[in-house]
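Architecture at a glance
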Protein chains: 4
Amino acid sequence: MMGAMMIAVVGGEDPSPDALAAAEHVGREVARQGCALICGGRGGVMEAACRGAREAGGHTIGILSGPDRGDANAYVEFPIVTNLGYARNAVVALSADALIAVDGSYGTLSEIALALVYGKPVIGLATWHISDDAGVEDKGIVRAGSPAEAVELAVAAAQGGRSRP
Amino acid sequence: MMGAMMIAVVGGEDPSPDALAAAEHVGREVARQGCALICGGRGGVMEAACRGAREAGGHTIGILSGPDRGDANAYVEFPIVTNLGYARNAVVALSADALIAVDGSYGTLSEIALALVYGKPVIGLATWHISDDAGVEDKGIVRAGSPAEAVELAVAAAQGGRSRP
Amino acid sequence: MMGAMMIAVVGGEDPSPDALAAAEHVGREVARQGCALICGGRGGVMEAACRGAREAGGHTIGILSGPDRGDANAYVEFPIVTNLGYARNAVVALSADALIAVDGSYGTLSEIALALVYGKPVIGLATWHISDDAGVEDKGIVRAGSPAEAVELAVAAAQGGRSRP
Amino acid sequence: MMGAMMIAVVGGEDPSPDALAAAEHVGREVARQGCALICGGRGGVMEAACRGAREAGGHTIGILSGPDRGDANAYVEFPIVTNLGYARNAVVALSADALIAVDGSYGTLSEIALALVYGKPVIGLATWHISDDAGVEDKGIVRAGSPAEAVELAVAAAQGGRSRP
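Residues numbered from 1 in each chain as written. Chains lettered and ligands numbered in written order. Predicted model: local features only at pLDDT ≥ 70, side-chain atom pairs only at ≥ 80, totals over all residues. Heavy atoms only, no water.

**Description of the packing of aromatic side chains**
- Evaluated as defined, the whole model comprises 10 aromatic pairs over all chains.
- Between the aromatic rings of A:Tyr106 and A:Trp128, the centroid separation amounts to 5.8 Å while the plane-to-plane angle is 25°, which identifies the pairing as stacked. Here the residue A:Tyr106 occupies a position in helix H4 (residues 106-117), and A:Trp128 occupies one in the loop between strand E6 (122-125) and strand E7 (129-131), the gap between them amounting to 22 residues.
- Residues B:Tyr118 and D:Tyr86 carry aromatic rings whose centres are separated by 5.3 Å and whose planes lie at 75° to one another, so their mutual orientation is edge-to-face. In this pair, B:Tyr118 sits in the loop between helix H4 (106-117) and strand E6 (122-125) while D:Tyr86 sits in the loop between strand E4 (78-81) and helix H3 (88-95), so the two residues belong to two different chains.
- Accessibility expressed as a relative area gives 31% for D:Tyr86, which makes it partly exposed.
- Taking the ring centre of C:Tyr106 as reference, the NZ or CZ of A:Lys139 above it sits at 5.7 Å. (Phe/Tyr/Trp six-rings, centres within 6.5 Å; stacked < 30°, edge-to-face > 60°. Helix = DSSP H or I, 4+ residues; strand = E, 2+ residues; numbered from the N terminus. Buried < 20%, exposed > 50% of the residue type's maximum accessible area, 1.4 Å probe, protein only. Lys NZ or Arg CZ within 6 Å of the ring centre and 35° of its normal.)

**Points about the side chain of A:Asp97**
- Inspection of the secondary structure puts A:Asp97 in the loop between helix H3 (88-95) and strand E5 (98-102).
- Residue contacts for A:Asp97: discarding those within four places in its chain leaves A:Ala4, A:Met5, A:Met6, A:Pro121, A:Ala158, A:Arg162 and B:Arg69. (Contact = heavy atoms within 4.5 Å.)

**What to know about the side chain of B:Glu111**
- Tracing the chain through its elements places B:Glu111 in helix H4.
- Contact partners of B:Glu111, with chain neighbours within four places excluded, come to B:Val10, B:Asn89, B:Val92, B:Ala93 and B:Leu99.

**Points about the pattern of salt bridges**
- Tallying each qualifying case throughout the model produces 36 salt bridges over all chains.
- With a shortest N-O distance of 3.1 Å, C:Glu77 and C:Arg54 are connected by a salt bridge. A residue pair is termed long-range when its members are at least 10 positions apart, and C:Glu77 in the loop between strand E3 (60-64) and strand E4 (78-81) and C:Arg54 in helix H2 (residues 45-55) qualify at 23 residues.
- The class for C:Glu77 is buried, based on a relative accessible area of 10%.
- In this structure, D:Arg51 and D:Glu24 form a salt bridge, with 3.1 Å as the shortest nitrogen-oxygen distance. Highlighted residues: D:Arg51 in helix H2 (residues 45-55) and D:Glu24 in helix H1 (residues 17-32), separated in sequence by 27 residues.
- For D:Arg51, a relative accessible area of 21% puts it in the partly exposed group.
- In this structure D:Glu24 comes out as buried when scored by relative accessible area, which is 18%. (Salt bridge = Lys/Arg side-chain N within 4 Å of Asp/Glu carboxyl O.)

**Re the relation of the copies chain A and chain B**
- In screw terms, the move from chain A to chain B is a rotation of 180° and a rise of 0.0 Å along the axis, fitting with an RMSD of 0.0 Å. On this basis, the relationship between the two copies can be described by a two-fold rotation axis. Taking C-alpha positions as reference, the residue of chain A nearest the rotation axis is A:Ile80, located at 4.5 Å.
- Of the residues that chain A buries at the interface, 100% are likewise interface residues in chain B, meaning the two copies contact each other through the same surface. (Least-squares fit on C-alpha atoms with pLDDT ≥ 70 in both.)

**As for the environment of B:Gly66**
All names here are of chain B.
- Assignment of secondary structure puts Gly 66 in the loop between strand E3 (60-64) and strand E4 (78-81).
- A C-alpha to C-alpha distance of 6.4 Å links Gly 66 and Thr 82, two positions 16 residues apart in sequence.
- With residues up to four places along the chain from it excluded, the contact list for Gly 66 reads Asp 71, Val 81, Thr 82 and Asn 83.

**Here's the deal with the interface of chain A and chain B**
- Contact with chain A, which involves 31 residues of that partner, is made by 31 residues of chain B.
- Buried area between chain A and chain B, summed over both chains or domains, comes out near 2400 Å², and the portion from carbon and sulfur atoms is 64%.
- With a closest N to O distance of 3.2 Å, A:Asp97 and B:Arg69 form a salt bridge.
- Between chain A and chain B we count 10 residue pairs in polar contact (both at pLDDT 80 or more) in total.
- A per-element tally of the side of chain A that touches chain B places strand E4 (residues 78-81) of chain A first, with four residues.
- Class assignment of the residues belonging to the side of chain A that touches chain B gives a composition of 20 nonpolar, six polar and five charged. (Buried area = accessible area lost by both parts, 1.4 Å probe. Polar contact = N/O pair within 3.5 Å; in protein donor to acceptor, adjacent residues only side chain to side chain. Nonpolar A, V, L, I, M, F, W, Y, C, P; charged D, E, K, R; others polar.)

**Description of the environment of D:Asp97**
- Residue classification places D:Asp97 among the buried residues on the basis of a relative accessible area of 9%.
- Remark: the alpha-carbon pair of D:Asp97 and D:Gly66, spanning 31 residues in sequence, is separated by 24 Å.
- Every residue in contact with D:Asp97, bar those within four places of it in the chain, is listed here: C:Arg69, D:Ala4, D:Met5, D:Met6, D:Lys120, D:Pro121, D:Ala158 and D:Arg162.
- Side chain to side chain, D:Asp97 and C:Arg69 meet in a polar contact 3.2 Å long.
- In this structure the side chain of D:Asp97 is engaged in a polar contact, spanning 2.7 Å, whose partner is the side chain of D:Arg162.

**A closer look at the sheet that holds strand E2 (residues 36-39) of chain B**
Residue and element names in this part refer to chain B.
- Taken in spatial order, the seven strands of this open sheet run E4-E3-E2-E1-E5-E6-E8, and their pairing is parallel. The outermost strands of the open sheet, each flanked by one partner alone, are E4 and strand E8 (141-143). Neighbour to neighbour, the strand axes of the sheet diverge by 25° on average, direction disregarded.
- Across four bridges, the pairing between E3 and E4 is parallel. If you follow Ile 63 over to E4, its bridge partner there is Ile 80. (Pairing = 2+ DSSP bridges. Axes fitted to C-alpha atoms, helices over the stretch in contact; angles between N-to-C directions.)

This is the structure in structure tokens:
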């Protein structure tokens, strides 16, 4: 036994209405697949994803950047208070079996990059595009066309990770 | 709503049989009081406390020091993988509403001290004694005589913290 | 007084010969401009930049990811041992007045992103290209065509940051 | 080569006049012994120690808890900005060859404990007394009777650590 399977949902605090709806849909699907949802615990994409997960009966964990539990959105069941600033993004990435990025700004880009450093599967839903100096595009990010597909890809990758010796 | 009330249990990886039994008892009582248990997620006191909490139907969160989820004991429901070394002790202290120290070595002393820095209630059960240079003893640590009393004191202190504005 | 002006140089441990030469040139120029060089303290781009800086008489600081000072390259004057894993990248970004990215892999991308989150000037020298979902390219990264230009841009941006109230 | 030998000086922000004078004396001696001084970078004991070290021509490094370089005292030559809160105390402890505790409150106790966890020599000058549950007093802390003796003990312990394979 290695604890609950966890899917991270990362994204910005000031998303478009489309991104919010996608995040809530992603959260709901994560819960329906029997996975816990982990995120940065704050507003925007994080709150929408937590709301979706809680409404579908799932567990939600928020890894907060500041020193106050009160920063957590109302749908975080277990607030983890780090006071590490954005260094907490490394904790989100490391704790997840797979990570889904929805929209997002520089903080989201840092979470994508930290997940890739640590060898975690990263699924992108209308989020950053990256290419290295040689021009290789979207290295490491698997693109999904819908919230349902994003969760399907994330859960499959997470199960693959768990079944490896 | 501010998420589940969380009681941290801290203590060493190589405790006496008495400390192990006390830790398991503490974990059981934490769960019976409806609180989630948070700890460093590894063996010894941490494992015994998680076992007690899980057997009583409670939730358990392990804040791991290393990079691998597999370091968590078998009773950690939600392993948080920090790879922060002992700096993770600050995360345990900050995330808890109150902290119970059982036995323990230097790592436990650091968790007690970090909890006190952050103004968290600290309950001691057969653990470190500290006195400042002026000779004031056990500053900040409230002593408990039994596991049940330790949890009672911790829950009361935690509720006090939540009711403050 | 706010301490030495610090320029971060970030990049991978396994760079091309061109990137190595560029990094050493960057380090030399940083020192000649009277700035301290801060980096992750390890091999590749970091080592080349430290060598350049030390040979030009500058100070070098390495923010190490592991628990051992011995991981520092031979040109790190002040090794800071964090044991924070890649969360240490946030410390590199926050401590710098400006950051120069040379080549690099995902770790470098995370340092670029964390620097941008924290509002630090980022200069890119043959490194990652990023574009957000709206297709806006290279948001936040100022491109340099040579090591000398990279340092010139970084020092100017750093001085701008210091002169702001 | 493994970088400059570093002695940490830890202590509170609101010390007695005696503790301030002792800290400045300690800082001066650290510099005279050719060691760099590392500390939390803020006021009180930290500032006095940095002032002493700088006046004697030594290097000073401040590991800041917040996000702003401006929190450093005026005698910090190299401010390292962590934004890790008190988790930064682990970085101070790990980076030092030996640690001298002068006076201090809970933050200082946490630095002593973290240094002991990481196996660092700890010298105490009118600071915390600790005893484990078995009543063994001052485990791990070597007491010094004067600033000069504290530095002598710290430098000897640091040299011992460097000469081990």
